[in-house]
Amino acid sequence: MSQSPFLKRQALQLRPDPTRVIVRPFKPATEPRDLNPTDKTRANHIVERVLALDAETADRQLADVLENFLGRHRNLLQIFETRAAEMEEALADHAVFTQVQRQLAGAYFLNEYSFEASALFNPSIVPHPDQSGTPEGSLRFILSLRAVGEGHVSSLTFRSGLIAADGTVTIDPTARLASSPDLVKLTSGAGGDEIDVTFAAGQDLSERVIFPVTEAQSNGIEDARFVHFSNAGETIYYATYTAYSGRAIRSELIETSDFVSFRLSTLKGSAARNKGMALFPRKIGGRYAMIARQDNENLYLIFSEDLQTWDGGQPILKPRYPWEFVQIGNCGSPIELDVGWLLLTHGVGPLRKYSIGAALLDKNDPSKVLGRLREPLLRPDPSEREGYVPNVVYTCGAMRHQDKIIFPYAVSDSYCNFATIEIASLIAAMDRSA
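Not measured: the values here are computed from a predicted model. (Residues numbered from 1 in each chain as written. Predicted model: local features only at pLDDT ≥ 70, side-chain atom pairs only at ≥ 80, totals over all residues. Heavy atoms only, no water.)

Asker: What exactly am I supposed to notice about the overall build of the protein chain here?
Answerer: The helix and strand inventory of the protein chain stands at 5 helices and 27 strands. Its C-alpha atoms give the protein chain a radius of gyration of 23 Å, within 12% of the compact-globule value 22 Å for 434 residues. Structurally, the protein chain occupies a C-alpha span of about 80 × 45 × 45 Å along its principal axes. In the protein chain, buried positions account for 55% of the 434 residues. Long-range contacts, defined here as pairs at least 24 residues apart, represent 60% of the contacts in the protein chain between residues at least 6 apart. Of the accessible surface of the protein chain, which amounts to about 18400 Å², a share of 50% is contributed by carbon and sulfur atoms. (Helix = DSSP H or I, 4+ residues; strand = E, 2+ residues; numbered from the N terminus. Rg over C-alpha atoms; globule rule 2.2 N^0.38 Å. Buried < 20%, exposed > 50% of the residue type's maximum accessible area, 1.4 Å probe, protein only. Contact = heavy atoms within 4.5 Å. Areas by Shrake-Rupley, 256 points an atom, 1.4 Å probe, with all protein chains shown as cover.)

Written as structure tokens, this is what we have:
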């Protein structure tokens, strides 16, 4: 049996689309590291060759570039100009560019990147900040997704959609174009990084792609767990995610109120040195609270006074059933119900098969486990076990809508499916001796 009787799969899939591309800097070097002397020499050779072109040849070459790429990106000529300006610090003194030379030089220091060519997975879901015009009994939502392209570099992308009164999920059409945000501020120091980025307000949500900016993120922004955080009536969304440099990982935090402007910052403390942190949607006892797994095996409850520093923690869930003997982790932020906090979990079993389970935590004291599923809520279906990483179902966050849990999940680190869960039946199925 691959699923619980109270879980209903929907006939809806989100699959990666290799035709969706963004423009990324090319130095020439592997982003985002700085240029070494060899890179700078190569960059200056490129500029020398551009400057050596006669005006007619340069015009013709730029026209050819535009013919090939203009319809694939917004404001492409401005992107070329900006990129040329960014490269000046690496260039030796050179003749003043004409506008055509500057745009052409900028084009040589860019490349297209198919950001979801390989995979589109590990979703989380939150209510949309704008519910205007939503039919009665329905709810608009935002879905965050981990996109993976060439070199297994992960970025963060989004979709929007609607949950109907009966729990049916539909996804809005995906925009043809995609783009990275403008970097507003980058501050780095011994305590980590703080990054402010913003998109053009008129861009469709599905156009927005947050790509790695810092060295710590250079191989990926992975597995964002978004949550709508209650803070004295203020609309605010947080997401914890894993920054991966290719050698090391650390937990970082995204903050946004509108999914247009975002702040990304480094989390501090001993509990932030691993992955898989998930923030409760409100303070508990006047403190911020997280579910985390700092020992790679068990789930801990940890608290913070300031949202940025996370130390210590109390183990509350350990592997207990055969399908989770290797390790357990969270599958997104706890969901508040009348009877307690619903925590979706993942368990790793034989042959590193990932299944999804659930536990119920006390509402006032989440260190108390009130119940736990003996059997997985969802296992990889025979039709879902093939992909980039076989035998895995996974989610980074579900959401309550009326009497159901809306449950997007990833299949074998490749694409996404959707399901709904009847809350009452789920709670009734839990082992209360857990």
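Asker: Got a minute to help me understand the sheet that holds strand E16 (residues 288-292) in this structure?
Answerer: Working definition: the strands of a sheet are paired by backbone hydrogen bonds and lie parallel or antiparallel to each other. Read across the sheet, 4 strands follow the order E15-E16-E17-E18 without closing on themselves; strand pairing throughout is antiparallel. Each edge of the sheet is formed by a strand with only one pairing partner; in this case those strands are strand E15 (278-279) and strand E18 (314-317). Where E16 and strand E17 (residues 299-304) come together, 5 bridges link them in antiparallel fashion. Looking across to E17, one finds that Tyr288 is bridged to Ser304. (Pairing = 2+ DSSP bridges.)

Asker: Help me understand empty space enclosed by the protein in this model?
Answerer: A water-sized probe, rolled over the atoms, reveals where empty space remains. Within the structure shown, the criterion is met by 2 cavities of 30 Å³ or more. Around the largest cavity sit Leu317, Trp323, Glu324, Ile328, Thr345, Ala358, Ala359, Arg372 and Leu373, which together line it. Considered class by class, the residues forming the lining of the largest cavity number 6 nonpolar, 1 polar and 2 charged. Contributing to the lining of the second largest cavity are Asp223, Arg225, Thr240, Tyr241, Thr242, Ser251, Gly276 and Met277. Elements with a contribution of two residues or more to the lining of the second largest cavity: strand E11 (220-231) and strand E12 (234-244). In terms of residues, the lining of the second largest cavity owes the most to one element, E12, which gives 3 residues. Here the lining of the second largest cavity is composed, by residue class, of 2 nonpolar, 4 polar and 2 charged. (1 Å grid on protein atoms, 1.4 Å probe; cavity = no way out; pocket = protein on both sides within 12 Å on 5 of 7 lines; lining within 4 Å. Points joined across faces, edges and corners; volume = space filled by probe spheres on them. Nonpolar A, V, L, I, M, F, W, Y, C, P; charged D, E, K, R; others polar.)

Asker: Quick question: what am I supposed to make of the layout of surface pockets here?
Answerer: As a volume, the second largest pocket reaches approximately 520 Å³. Taken together, the elements giving at least two residues each to the lining of the second largest pocket come down to strand E4 (119-127), E11, E12 and strand E19 (327-330). In the lining of the second largest pocket, the residues fall into 10 nonpolar, 9 polar and 8 charged.

Asker: I keep staring at the packing of aromatic side chains and nothing clicks. Help me out?
Answerer: The relative placement of two aromatic rings is captured by the distance of their centres and the angle of their planes. Throughout the structure, instances matching the rule amount to 13 aromatic pairs. Where Phe259 meets Phe262, the ring centres are 6.0 Å apart and the plane angle is 80 degrees; that geometry is what we call edge-to-face. You can call Phe262 buried: its relative accessible area is 2%. Taking the centre distance of 5.1 Å and the plane angle of 85 degrees together, the rings of Phe280 and Trp341 count as edge-to-face. Of the two residues, Phe280 sits in the loop between E15 and E16 while Trp341 sits in strand E21 (residues 340-348), which places them 61 residues apart along the sequence. Of the two residues, Phe280 and Trp341, both sit in the buried class. Members of the aromatic cluster, joined through ring pairs, are Phe158, Phe199, Phe226, Tyr237, Phe259 and Phe262. We note Arg15 situated over the ring of Tyr415; from NZ or CZ to the ring centre the distance is 3.7 Å. For the cation-ring pair, Arg287 lies above Phe303, with the distance from its terminal atom to the ring centre recorded as 4.1 Å. (Phe/Tyr/Trp six-rings, centres within 6.5 Å; stacked < 30°, edge-to-face > 60°. Lys NZ or Arg CZ within 6 Å of the ring centre and 35° of its normal.)

Asker: Can you walk me through the packing of helix H2 (residues 55-69) against helix H4 (residues 99-108) in this structure?
Answerer: How two helices sit against one another is set out by the angle between their axes and by the gap between those axes. Two elements in contact, H2 and H4, have axes whose closest approach is 10 Å; the angle formed by their N-to-C orientations is 50 degrees. One element, H2, and the other, H4, form an angle in the oblique class. Between H2 and H4 the crossing geometry is left-handed. Facing H2, whose interface residues are Ala58, Asp59, Gln61, Leu62 and Val65, H4 presents Val100, Gln103, Leu104, Ala107 and Tyr108. A class-by-class count of the residues in the contact of H2 with H4 yields 7 nonpolar, 2 polar and 1 charged. (Axes fitted to C-alpha atoms, helices over the stretch in contact; angles between N-to-C directions. Parallel < 35°, antiparallel > 145°, perpendicular 65-115°, else oblique. Left-handed = near helix turned anticlockwise from the far one by under 90°.)

Asker: For this particular structure, what's the right way to read the pattern of salt bridges?
Answerer: A side chain of one charge can pair with a side chain of the opposite charge if their charged atoms are brought near each other. Under the defined criterion, the tally for this structure stands at 25 salt bridges. A salt bridge links Arg282 to Glu336; its shortest N-O distance comes to 2.9 Å. Separated by 54 residues along the polypeptide, Arg282 in the loop between E15 and E16 and Glu336 in strand E20 (residues 335-337) bring together distant segments of the chain. Its salt-bridge partner being Lys404, residue Glu422 comes within 3.8 Å of it at the nearest N-O pair. Of this pair, Glu422 sits in strand E27 (residues 415-422) while Lys404 sits in strand E26 (residues 404-411); the two residues are 18 residues apart in sequence, bridging distant segments of the chain. By relative accessible area, Glu422 is classed as partly exposed at 31%. For Lys404, a relative accessible area of 14% gives the class buried. (Salt bridge = Lys/Arg side-chain N within 4 Å of Asp/Glu carboxyl O.)

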